Amino acid sequence: MQQQMHPRGRMFRYPQGRGGSGDVPPYDMGNNMPLTIGALASNLSNATPEQQRTMLGEVLYPLVEQVEAESAAKVTGMLLEMDQTEVLHLLESPEALKAKVAEAMDVLRSVAAGGATEQLASLNLS
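Note that the structure is a prediction, hence the values are computed from the model and not measured. (Residues numbered from 1 in each chain as written. Predicted model: local features only at pLDDT ≥ 70, side-chain atom pairs only at ≥ 80, totals over all residues. Heavy atoms only, no water.)

**Student:** With reference to specific residues and values, describe the packing of helix H2 (residues 49-67) against helix H3 (residues 72-79).
**Tutor:** The N-to-C vectors of H2 and H3 enclose an angle of 135°; their axes lie 9 Å apart at closest approach. In terms of axis orientation, H2 runs oblique to H3. Of the two possible hands of crossing, H2 and H3 adopt the one that is right-handed. Together, Arg-53, Gly-57, Leu-60, Tyr-61, Val-64 and Glu-65 of H2 and Ala-72, Ala-73, Val-75, Thr-76, Gly-77 and Leu-79 of H3 make up the contact between the two elements. For the contact of H2 with H3, the residue count by class is seven nonpolar, three polar and two charged. (Axes fitted to C-alpha atoms, helices over the stretch in contact; angles between N-to-C directions. Helix = DSSP H or I, 4+ residues; strand = E, 2+ residues; numbered from the N terminus. Parallel < 35°, antiparallel > 145°, perpendicular 65-115°, else oblique. Left-handed = near helix turned anticlockwise from the far one by under 90°. Contact = heavy atoms within 4.5 Å. Nonpolar A, V, L, I, M, F, W, Y, C, P; charged D, E, K, R; others polar.)

**Student:** So, helix H1 (residues 37-45): which residues are in play, and what are the values?
**Tutor:** Taken together, the buried positions of H1 are Ile-37, Leu-40 and Leu-44. Down the axis of H1, the sector holding all buried residues measures 60°, keeping them to one side. Exposed residues on H1 whose side chains face more than 90 degrees from its buried face are Gly-38 and Ser-45. Where the residues of H1 are buried, they touch H2 and helix H4 (84-92). (Buried < 20%, exposed > 50% of the residue type's maximum accessible area, 1.4 Å probe, protein only. Arc of directions from axis to C-beta.)

**Student:** Explain the confidence of the model for the protein chain to me, using residue names and the numbers behind them.
**Tutor:** Summing up the model confidence of the protein chain, the mean pLDDT is 76 and the portion of residues at 70 or higher is 63%. Across the protein chain, element-level confidence peaks in H3 with a mean pLDDT of 96 and bottoms out in strand E1 (residues 2-5) with 42. Between residues 1-25, whose pLDDT stays under 50, and residues either more than four places distant or in other chains, the model counts 53 contacts. Low pLDDT (under 50) marks residues 27-35, which in the prediction has 25 contacts with non-local residues, meaning those over four places away or in another chain. (pLDDT = per-residue confidence, 0-100.)

**Student:** Could you give an account of the pattern of salt bridges, with specific residues and numbers?
**Tutor:** For the coordinates displayed, the defined rule picks out three salt bridges. Between Arg-53 and Glu-81 there is a salt bridge, with the nearest N and O atoms lying 3.1 Å from each other. Here Arg-53 is found in helix H2, whereas its partner Glu-81 is found in the loop between H3 and H4, with 28 residues between them in sequence. According to the relative accessible area criterion, Arg-53 is buried, its value standing at 10%. (Salt bridge = Lys/Arg side-chain N within 4 Å of Asp/Glu carboxyl O.)

The structure is reproduced here in structure tokens:
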């Protein structure tokens, strides 16, 4: 299992690659194979908020990785900031997940571009 640092300093486990934890993802981006989200929701209801976030992250990460492998950990962390019902919707809908991943990547790109602009602006040309 790969350890990922959350921006707030908490550690979360995300499986490396698809099926790294032995769990089957809710769907395969290629064939939309459904898994019972109800079972996941039931497990979430009996868990602490920290456990809920970890559980959702472990299911969400391999799906995000299929869409955006290079930034999967960052994007997964961003998506986990959403309301839990919205995250569950992303697990059920490949189209919604792709759209949210694209949105998160746009945010990451704009932040990266903004950082480069600030670095250029701070250069002294004397």
